[in-house]
There are 2 protein chains.
Amino acid sequence: MTGKKNSYKLGKIRVENTEKILEVAEKKFVENGFHGASMQMIANEAGLPKANIHYYFKSKEKLYDEVLTRIIGSWNSVLKDITPDDDPAEVLERFIYKKVELAYKFPQASKLFALEIIHGAPHLKDHVRIDMRRWVREKAKVIQAWIDQGKMAKVDPVHLIFMIWSSTQHYADFESQVLAIMNRAEYEEEDINTISEFLASVILRGVGLKPTGKIIPNTRND
Amino acid sequence: MTGKKNSYKLGKIRVENTEKILEVAEKKFVENGFHGASMQMIANEAGLPKANIHYYFKSKEKLYDEVLTRIIGSWNSVLKDITPDDDPAEVLERFIYKKVELAYKFPQASKLFALEIIHGAPHLKDHVRIDMRRWVREKAKVIQAWIDQGKMAKVDPVHLIFMIWSSTQHYADFESQVLAIMNRAEYEEEDINTISEFLASVILRGVGLKPTGKIIPNTRND
DNA sequence: GTCTATACAAGGATAGAC
DNA sequence: GTCTATCCTTGTATAGAC
């Protein structure tokens, strides 16, 4: 029983430490890039000796991979099940609001992913690429069905998805530029509503739809 | 005269070498990040001994700064003079086409700038920030004038500028993701036209305008 | 102006004591 | 499971020969 209690306690420390390390590592990788972030920096900020980081994660690469994997894993929730019978205005509006919310809540995650893609996605596993392609293909097919039913304007569904991705993520990835131009220290809840409404209104009208106005900001809409 | 001829010849070598170094450095910084790109790599690919890079550029930081400065300097051409009397549809359409063209022609430049901003813009000089803010304010003022004249829908001009930036730059910065999803090895001229037309059509309609159709792809429109 | 050789620091990783 | 001390590589930068 002592053994069990012991391993439980140690297990708890393990979980807490790895959690702390991953959190700090994400921040440091975003701020300084993969090579710019040193294990020493991460260890210091996590309040652990450098060797412990290597104990929990075999190498810097593995640590980075783990950070990246967790980020990607947390994204499979958006736009889960949509069908040709759904209302495109509602679905697209919800998609835009959700993406802006994610950009606001997890800007670091968005940034790290952006860095990875800009560098040519050297750490992205093949299955992720395939999953992403399938995800886009599926959603594009539904959008195309809406177009064929005359529910919305004839536009390329894939480029529409890119447009929603880029215009929403911009507020996370280019945060420092956006804030500098808007002369702000940081985003406020109000900005998030303004941004969501702006993007939803322009994009929906742009594809021949009308914003529903059904979405209540800052609540669960998923 | 010999002296003059000599310094001329040497000057020519200097220009050619610095040019080559800057070109290679830009590529390496984009691929590997600031810390990931070593002076050795850059020297090798430029076909020069490492010490020569230090001879032309005092330090790695200075080299990076120079690369960044040149990129920013090459961007002041877009949307130069616009006035409240101009036709918003024409101006915005030209803006979108121009930005897509830049993303296609200089993807590395776009990527390096994106990396810099994502990292919090630690190397961006204050005057650049100020210039950017002024640029946006000026253009926003003109757009607001168009709105006040009833020429286009009531939308926030600053967010509209962000939207055009983000959706166009996406094709450069997220190139690897876009190409993977589109199942392509690289962009072709045709893609550029498709993208420009898509973005112009959705954004213009989104702000209550009609695409003019005046722009002839792949020609000078500036 | 160019390049070889080298100084010096930083970083990733591990051995081994606790 | 934790941490100190250390190894070894790599990287920036420069001195000094040509």
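Residues numbered from 1 in each chain as written. Chains lettered and ligands numbered in written order. Predicted model: local features only at pLDDT ≥ 70, side-chain atom pairs only at ≥ 80, totals over all residues. Heavy atoms only, no water.

1. Comments concerning the packing of helix H9 (residues 175-182) of chain A against helix H7 (residues 126-148) of chain B
Going by this rule: Think of each axis as a best-fit line through the C-alpha atoms, taken over the contacting stretch in the case of a helix, with angles from 0 to 180 degrees between the N-to-C directions. Numbered from the N terminus, helices here are DSSP runs of H or I no shorter than four residues, and strands are runs of E no shorter than two. In this scheme, a crossing is called left-handed if the near helix is turned counterclockwise away from the far one by less than a right angle; it is called right-handed if the turn is clockwise. Contacts were defined at the residue level, with two residues in contact if any of their heavy atoms lie within 4.5 Å. Three categories are distinguished: nonpolar for Ala, Val, Leu, Ile, Met, Phe, Trp, Tyr, Cys and Pro, charged for Asp, Glu, Lys and Arg, and polar for the others, with Gly belonging to the last.
Axis separation between H9(A) and H7(B) bottoms out at 9 Å; the angle between their running directions is 65°. Relative to H7(B), H9(A) is oriented so that their crossing is right-handed. Contact residues: H9(A) offers A:Gln177, A:Ala180 and A:Ile181, while H7(B) offers B:Met132, B:Arg133, B:Val136 and B:Arg137. For the contact of H9(A) with H7(B), the per-class residue count stands at four nonpolar, one polar and two charged.

2. Notes on the protein's contact with DNA strand C
Stated precisely, the cut-off is as follows: When we say a residue is near a molecule or strand, we mean one of its heavy atoms is within 4 Å of it. Here a polar contact means two N or O atoms within 3.5 Å. Within protein one must be a hydrogen donor candidate and the other an acceptor candidate, and residues neighboring in sequence count only if both atoms are side-chain atoms.
The local shell around DNA strand C holds 17 residues, among which A:Met39, A:Lys60, B:Asn52, B:Tyr55 and B:Tyr56 are the closest. What you see for DNA strand C is that sugar and phosphate hold 68% of its atoms within 4 Å of the protein. One nitrogen or oxygen atom from the side chain of A:Lys50 is found 3.1 Å from a base nitrogen belonging to DNA strand C. For the surface near DNA strand C, the secondary structure elements donating two or more residues are helix H3 (50-56) of chain A together with helix H1 (2-36) and helix H3 (50-56) of chain B. Residues that form the surface near DNA strand C fall into these classes: nine nonpolar, five polar and three charged.

3. Digging into the domain arrangement of chain A
Accessible area lost when the parts come together is the quantity often used to give the size of an interface. Residues and elements named next belong to chain A. Heads up, the condition is: As annotated, the domain borders come from an automatic or database domain assignment. The term buried area means the drop in 1.4 Å probe accessible area that two parts suffer when joined, counted for both and summed. Counted as salt bridges are all cases of a side-chain nitrogen of Lys or Arg within 4 Å of a carboxyl oxygen of Asp or Glu.
The domain boundaries assigned to chain A delineate domain 1 (2-72) and domain 2 (76-206). Measuring from the centre of the C-alpha atoms in domain 1 to the corresponding centre in domain 2 gives 30 Å. The interface is formed by 11 residues belonging to domain 1 together with 12 residues belonging to domain 2. Between domain 1 and domain 2, a total of about 1100 Å² is buried, with carbon and sulfur atoms accounting for 70% of that surface. Contact with domain 2 buries surface across domain 1, with Val30, Leu68 and Ile72 losing the most and accounting together for 46% of the total. Run the count over domain 1 and domain 2 and you get one salt bridge. Connecting domain 1 to domain 2 are two residue pairs in polar contact (both at pLDDT 80 or more). Listing elements by their share of the side of domain 1 that touches domain 2, those giving two or more residues are helix H1 (2-36) and helix H4 (60-73).

4. Comments concerning the pattern of salt bridges
Residues and elements named next belong to chain B. Worth spelling out the cut-off: Using a 1.4 Å probe on the protein chains alone, a residue whose accessible area is under 20% of its type maximum counts as buried, one over 50% counts as exposed, and one in between counts as partly exposed.
Across all of its chains, the model carries 24 salt bridges over all chains by this definition. In this structure, the salt-bridge partner of Arg129 is Asp126, at a minimum N-O distance of 3.4 Å. With Arg129 and Asp126 both in helix H7, this residue pair falls three residues apart, about one helical turn. Overall, the relative accessible area of 54% leaves Asp126 in the exposed class.

5. A closer look at the interface of chain B and chain A
Chain B puts 52 residues into the contact, and the matching count from chain A is 52 residues. Buried surface at the junction of chain B and chain A, summed over both partners, amounts to about 4500 Å²; 72% is from carbon and sulfur atoms. For the chain B face of the interface with chain A, the top three residues by lost area are B:Ile118, B:His159 and B:Ile181, together amounting to 16%. For the pair chain B and chain A, the interface holds zero salt bridges. For the side of chain B that touches chain A, the secondary structure elements donating two or more residues are H1, helix H6 (107-118), H7, helix H8 (157-173), helix H9 (175-182) and helix H10 (189-206) of chain B. At 12 residues, the largest contribution of residues to the side of chain B that touches chain A is made by H8(B). Here the residues of the side of chain B that touches chain A sort into 28 nonpolar, 17 polar and seven charged.

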